[in-house]
Amino acid sequence: MIFVYDKDLVKFGTDGVKKEERQISTLPYKTKCAYCFLNIEVDSGKFITIGIQISSQKSKRIIPFVITKQADINLRINELALEKDGLIFAKDVLKEKESGEKEIVDIQDLATFLYEKHGLRLNFFGNNEGVNTYYKFLYDKNILPLNLSQDKNLKAFAKVIQSFSKAKTLNLSGNQASRNLKEFLFEESDEDILANFQKEQSELEKILREYESLNKDIQNLSNKQKRLTSLRELEQSHKAKFQSFKEAELQNAYIELKQLQDKEAEGKTVVATLQIELDDLKTAIEYLPAEEKTVKQGYEEADTNFNMFNRYEELANSIEKLGEDITELKMFIFPEVDDSWRNEIQRIDISNRNNETIKKEIAFAKPYLEKYKVLKNIVRIRKEQSEILDELKSSLKEEKAAKEKLLSLLQDNDEDGLLYWYLKNLPTLNDEQLQAILYYATMPVSEISNPDGSFQYINPDELIKDFEANSSPKGLWLKLGALRQFIQLNPDAALLGDRANLQQSVQQLINKLNAEINSMNSKLEALEHIADGKSYDTSLFNYSFDIAIVENSNIEKLRNAVACILQIDERLTQLQAQKKREEEELSEIKNRFKVEYDEPEVVKKELLKIRKEWSDKKDKFYEQKGAKQSRFKSLENDVQRDKQDLQIIIGNLIKKQTEFDTLNSAYYKDFQENVEDFPLTPNDIEELGQNYNELWEEYKTTFIGISNSFEETSNEKNPAVQLAIKDQGFSFRVLEEALLGSKIKSTDDIATALQEANQTRTTIANGIRDNMIKIFSRTTERYDKYDDQVKRINAFFVDRKISGKFYFKLEFDGNKEIKIDYIKQMAYEVRNTATKGELHFGQSIVDFIEDFFRKQAKIKDKIPIDKLLNPKTYFELSAKLTDQFGTEVPGSTGETYSAIALLGIARLSAVQKEKRNGLRFIILEELGSLDNTNFNTFPAIAEEFQYQIITMAPHTFNIGLSDEWYAHHLIKGKEDDNINYCPSASYFKTKDSNEDLNIYINRIAK
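Residues numbered from 1 in each chain as written. Predicted model: local features only at pLDDT ≥ 70, side-chain atom pairs only at ≥ 80, totals over all residues. Heavy atoms only, no water.

A. Representation of the overall build of the chain. Along the chain, the regular secondary structure elements total 27 helices and 19 strands. Against the globule reference of 30 Å for 1006 residues, the chain gives a C-alpha radius of gyration of 67 Å, more extended than a compact globule. The C-alpha extent of the chain, read off along each of the three principal axes, is 165 × 150 × 60 Å. When the 1006 residues of the chain are sorted by exposure, 38% land in the buried category. Taking the contacts inside the chain whose residues are at least 6 apart along the sequence as the reference set, 72% of them involve residues at least 24 apart. Averaging the coordinates of the 143 positive side-chain charges in the chain and doing the same for the 170 negative ones gives two points 6 Å apart. (Helix = DSSP H or I, 4+ residues; strand = E, 2+ residues; numbered from the N terminus. Rg over C-alpha atoms; globule rule 2.2 N^0.38 Å. Buried < 20%, exposed > 50% of the residue type's maximum accessible area, 1.4 Å probe, protein only. Contact = heavy atoms within 4.5 Å. Lys, Arg positive; Asp, Glu negative; His and termini not counted. Charge placed at Lys NZ, Arg CZ, Asp CG, Glu CD.)

B. Representation of the side chain of lysine 141 within the structure. Within the secondary structure, lysine 141 is located in the loop between helix H3 (128-140) and helix H4 (151-164). Although lysine 141 is buried, it forms no salt bridge, and the closest oppositely charged side chain is aspartate 140 at an N-O distance of 6.5 Å. Those residues in contact with lysine 141 that sit more than four places away from it in its chain are Ile73, Asn74, Leu75, Arg76, Ile77 and Leu80. (Salt bridge = Lys/Arg side-chain N within 4 Å of Asp/Glu carboxyl O.)

C. Region of the structure containing the packing of aromatic side chains. Inspection of every chain in the model, using the stated rule, returns 21 aromatic pairs. Taken together, a centroid distance of 5.0 Å and an interplanar angle of 45° make the contact between phenylalanine 242 and tyrosine 692 tilted. Of this pair, phenylalanine 242 sits in helix H6 (residues 191-286) while tyrosine 692 sits in helix H18 (residues 685-709), and the two are 450 residues apart along the sequence. An identical accessibility class is assigned to phenylalanine 242 and tyrosine 692; each is buried. Geometrically, the ring pair formed by tyrosine 783 and phenylalanine 875 is edge-to-face, given 5.8 Å between the ring centres and 70° between the ring planes. With tyrosine 783 in helix H21 (residues 750-796) and phenylalanine 875 in strand E13 (residues 875-882), the pair connects residues that are 92 residues apart, well separated along the chain. For the pair tyrosine 783 and phenylalanine 875, one class covers both residues: buried. Taking NZ or CZ as reference, lysine 617 lies 4.3 Å from the ring centre of tryptophan 614, over its face. (Phe/Tyr/Trp six-rings, centres within 6.5 Å; stacked < 30°, edge-to-face > 60°. Lys NZ or Arg CZ within 6 Å of the ring centre and 35° of its normal.)

D. Broad picture of the UniProt feature "coiled-coil region" (unreviewed entry) in the chain. When the UniProt feature table is mapped to this numbering, "coiled-coil region" (unreviewed entry) covers residues 194-263, 382-413, 499-530 and 565-599. Secondary structure across residues 194-263 comprises 100% helix and 0% strand; the distance between its end C-alpha atoms is 85 Å. Here residues 499-530 is 91% helix and 0% strand, with 45 Å between the C-alpha atoms at its ends. (UniProt positions renumbered as here; feature names shortened; annotations may be inferred.)

E. Highlighting the pairing of strand E18 (residues 985-990). Where strand E17 (residues 964-969) lies against E18, six bridges are found, and the strand directions are antiparallel. Directly across from glutamate 964, in E18, lies its bridge partner threonine 990. Linking two consecutive strands that pair antiparallel, namely E18 and strand E19 (residues 994-996), is a turn of three residues. (Pairing = 2+ DSSP bridges.)

F. Geometry of the packing of H6 against helix H20 (residues 732-740). Between H6 and H20, the shortest axis-to-axis distance is 11 Å and the interhelical angle comes to 175°. Relative to H20, the element H6 lies roughly antiparallel. Along the contact surface, H6 presents Leu221, Lys224, Leu228, Leu231, Arg232 and Glu235, while H20 presents Phe732, Leu735, Glu736, Leu739 and Leu740. (Axes fitted to C-alpha atoms, helices over the stretch in contact; angles between N-to-C directions. Parallel < 35°, antiparallel > 145°, perpendicular 65-115°, else oblique.)

G. Region of the structure containing H18. In this model, H18 (25 residues) spans 35 Å end to end at C-alpha, consistent with the 36 Å of a helix rising 1.5 Å per residue. If you check which residues of H18 are buried, you get Gly689, Tyr692, Trp696, Tyr699, Lys700, Phe703, Ile706 and Ser707. Two or three places before glutamate 686, at the start of H18, stands the capping residue aspartate 684, its side-chain oxygen 3.4 Å from that residue's backbone nitrogen. (Expected span 1.5 Å × (residues − 1). Polar contact = N/O pair within 3.5 Å; in protein donor to acceptor, adjacent residues only side chain to side chain.)

H. Looking closely at the nonpolar core. Of all hydrophobic cores here, the largest spans 67 residues; its most connected members are Ile768, Phe808 and Ile849. Per element, the largest residue contribution to this core is twelve residues, and it comes from H21. Excluding anything up to four places from it in sequence, isoleucine 849 contacts Phe197, Leu204, Met772, Phe776, Met826, Ile865 and Leu868. Formed by 34 residues, the second largest nonpolar core is a distinct cluster that contains Phe660, Leu663, Tyr699 and Ala753. (Core = buried A, V, L, I, M, F, W, Y, C linked by side-chain atoms within 4.5 Å.)

I. Representation of the side chain of glutamine 53 within the structure. As for its placement among the helices and strands, glutamine 53 is situated in strand E2 (residues 46-55). What makes glutamine 53 buried here is its relative accessible area of 4%. Reaching out from glutamine 53, the side chain makes a polar contact with the side chain of tyrosine 35 at a distance of 3.2 Å. When near neighbours in sequence (up to four residues on either side) are disregarded, glutamine 53 contacts Cys33, Ala34, Tyr35, Arg61, Ile62, Ile63, Phe65, Asp106 and Ile107.

J. Layout of the pattern of salt bridges. Counted under the stated rule, the structure contains 34 salt bridges. The salt bridge involving lysine 612 is made with aspartate 616; its shortest N-O contact spans 3.0 Å. With a gap of four residues between them, lysine 612 and aspartate 616 both fall in helix H17 (residues 600-671), about one helical turn apart. In this structure, the salt-bridge partner of arginine 854 is aspartate 851, at a minimum N-O distance of 2.9 Å. You can see arginine 854 and its partner aspartate 851 sitting in helix H23 (residues 845-857), three residues apart, about one turn around the helix. Linked by salt bridges that have partners in common, Glu256, Lys656 and Glu659 make up one network.

K. Here's a closer look at the confidence of the model for the chain. Scored by pLDDT, the chain has a mean of 80; 91% of the residues are at 70 or more. Within the chain, helix H26 (residues 932-945) has the poorest average pLDDT of any element, 67, and strand E3 (residues 63-68) the best, 94. (pLDDT = per-residue confidence, 0-100.)

L. Molecular detail of the sheet that holds strand E14 (residues 888-889). If you trace the four strands from one edge of the open sheet to the other, you get E11-E12-E13-E14, paired in antiparallel fashion. A single partner strand is all that each edge strand has here, and the edge strands are strand E11 (801-802) and E14. The sheet contact formed by E13 and E14 spans two bridges and is antiparallel. Opposite leucine 881, over in E14, you have valine 889 as the bridge partner. Of the strands in this sheet, strand E12 (806-814) and E13 are in contact with helix H5 (residues 177-185), which crosses E13 at around 100°. Sheet strands in contact with H21 are E12 and E13, and its direction is about 170° off that of E12.

M. Representation of a negative patch on the surface. Side chains of Glu247, Glu673, Glu676 and Asp677 sit close together on the surface and give a patch of like negative charge. Mapped onto the elements of the fold, aspartate 677 is located in the loop between H17 and H18. (Patch = residues over 30% accessible without salt bridge, like charges linked within 9 Å, V, L, I, M, F, W, Y side chains within 5 Å. Areas by Shrake-Rupley, 256 points an atom, 1.4 Å probe, with all protein chains shown as cover.)

N. Broad picture of the sheet that holds E18. Strands sit in the order E17-E18-E19 across an open sheet of three strands; the sheet is antiparallel. The two strands at the open ends of the sheet, each matched to only one other strand, are E17 and E19. This sheet shows a mean twist of 30° between the axes of neighbouring strands, independent of strand direction.

O. The packing of H6 against H21, seen in detail. It is the contact of H6 with H21, at a shortest axis distance of 9 Å, that shows an interaxial angle of 165°. Here H6 lies roughly antiparallel to H21, going by the angle between them. H6 and H21 meet at a crossing whose hand is left-handed. Of the residues belonging to the contact of H6 with H21, the class tally is 17 nonpolar, eight polar and eight charged. (Left-handed = near helix turned anticlockwise from the far one by under 90°. Nonpolar A, V, L, I, M, F, W, Y, C, P; charged D, E, K, R; others polar.)

P. How the structure looks around the environment of glutamine 843. For glutamine 843, the location among the structural elements is in the loop between helix H22 (820-835) and H23. Judged by its relative accessible area of 27%, glutamine 843 is partly exposed. For the pair formed by glutamine 843 and glutamate 205, sequence separation is 638 residues and the distance between their alpha carbons is 9.7 Å. Apart from the residues lying within four places of it in its own chain, the contact partners of glutamine 843 are Arg209, Phe848 and Asp851.

Q. Molecular detail of the state of the cysteines. Applying the stated criterion across every chain yields a total of zero disulfides. For the unlinked cysteine cysteine 36, the closest cysteine sulfur is that of cysteine 33, found at 13 Å. (Disulfide = S-S within 2.5 Å.)

R. A look at unusual backbone geometry. Unusually for a residue other than glycine, asparagine 142 sits at a positive phi of about 60°. Note that asparagine 142 resides in the loop between H3 and H4.

S. Main features of the environment of threonine 26. Topologically, threonine 26 is positioned in the segment before strand E1 (33-43). Of the residues examined, threonine 26 reaches a relative accessible area of 44% and is grouped as partly exposed. Spatially, the C-alpha atom of threonine 26 lies 9.2 Å from that of isoleucine 54, the residues being 28 residues apart in sequence. Reaching out from threonine 26, the side chain makes a polar contact with the backbone oxygen of glutamine 23 at a distance of 2.5 Å.

Right under this line is the structure:
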């Protein structure tokens, strides 16, 4: 497995009790993986370590690896080799855990471990490309004499190595002996022969198809000649009738052409007359714009003057109104505005405010300006007022909440409050203590179950017992440990001190609290009115609120009003400027009228009269303009219509001329002559056409019948014939060419064509023969190669005896039923049959060859094509042992083993093209089956071919080895019988001595 990593090529040399348990993945014992490696001496004292990792998982592949000094395995062998003292052994690949135990690690971790601990480089090869690199390394460094990266070398090597170890890849007896020997001796799969057949198959099929087509052509030619001759006679008859018909058709076309020419001349005269009138009217219309401009300008000027009089009246009234507004504005009384306002406001558009609007602005701003003077005072008072509102609202809500809670305690008798405790226990208390009771009336007297950060409770007993307070003018300071709490004096506390009338006092306190809460509600409601800018009861508060400044919109309105006051002079200037402009415009209008009268009413009547005169001129002009344009449009339409009619006539004339020219050209093309006489009397072409059509239909029917009767043109196969039918030409020549082909010019040439076809058939037969030879040449060549290879292997055994007396030989016997000579002769037999015209081909090439071979070999069943192509089909291999007289002997197991070993060496010698250095070894397993004589054969073989012998036996074995050997004794482990004792007992042995292997190696190294 170190050299053959592929699991598919590895077979166990012996069977287990249960075959299914003999699997490579079971070799790792209680570990995820296992390692096997060899230290190979590549030079004196120089070593390279190679090995494999075997995984316990079936799906994982065997991973080969190399251990060297350098990581780059392409370096020279001396740069990679390990020194003797740097060799690694089984103990060196075990990694120690923190617990002290040793473990077998994965190959990636092993590579890291060897580098860190020993400075060695482990390269492993986990895929096909990597394994090829591994095999190339073994070959290039002369570790192996064979290049196992070549698939055929790898398979041959695997077979031979396992035959040495007595694996069941080679069985020299039984029904499978021949097959086993073929697989063992010949690495070729012969798939290339089948591939070559598949490549040549199409060419052979093409030739056979040509042959079959040619035979059919010969048979069809006579039939074609007979039918084509009949068709040609019909063609000549219908052509004569056709000429008479075409001549009459051409003469009738000439008569129609003359009629259209007369209509064209008449139409051109009418169009010319109308065009003259249209041109004159067009000239008159061209002057209309200038006339229209004069009329329009006169009317527009009169209309403008009349409209200006209206403007005159409007300006006079406006000037009078502007004078009144200016006078009124000058008389307005304005409030005093402080200069600071100019920095607090923005300019407004004063031009869109009339006197009435300005009055309202002044009235709005006056009270504010008189009360507050400046905007700053308004803002300050508004802010102060807002703060007072917020403070009042907050204090009222807080006081109301406290009184409502106290009221709730008095009405609901909350058992958890301090007030309830007092009312229940009625302890004797002084005035200060009563003030404290009322102050903490709502506080719980026991611990709260789910408190948050602000919850408190009070112990009433401790409060009374340790009560300590200092009086002040408005209340008292109560001591609560290190804390001091100020309590404002509450006159209601005295009600709690009247223990005799406590119930009446409590009710009095309740009534008082209700009245105070109602009062607070009234005040809160009033505060809401103030915030909304509404009126309120001013007696509720000591402070007087100005609701006019509460809303911000009033402030903005005030800003605009003050801006209006400050821009009064600007408005006055605007009105005065407008009055001046309108007075100037009024003066210009008076100068523009050009009338002798000054009175407005008289001027108005004069202007109206002038406008009426121009209006009448304008209406008359447009009436005449419309009439001219209408007539022009009518003439245009008439000319256009007549021109269109003329164009139709001309178009028809052109078509008819084209038709006539086409008919004339066609007539000349068809009959090679022209018609000279064109009478003006029409011909009766219906009768002529009927006579022609009858012959034409007969010709077409015969034409189509012939085209459907032959393979070349049936079922619409021939495009030219189909085109002749589709375009109704039914060309005899097209059909003749389609049926006879390009080589046969006409029906008269069929006899010559038949003679040429027979010659072509002979040529095709030769082509079939040559192609058949091509297909089976590799089969016959490889057959001869296998025969030669067996002869070379037999030559290897000529001077070598098994057990010192028997000769080993491979027998190469031809197949008696399926002979190679049939294959060699088949091509020529096919050729002879084809030459006679007796070769029938109506199936696939495979079926054709299989069927022809079956008939030639005179066997019942067909042989599959892959078997016919396989050279191994035509011979059988067997092995035999003979004595000196040539008598075959059965041979013992040991003799068979010896023969297999020698056969393996012969096989590897055949694979190796050149003599190279490298490891050569023979694995001999189960030596108990070999006798002394046969075993003695192997040292001689090993010495002759430079092989090392690796033996395996269940007991010590030391006979027959003439020189020396190494012995490794596998001893059961102490802790687990399935794990051998490490290190193993290893010795260097000869016939006369036995020395510990480590001592021997150290001794010879000195």
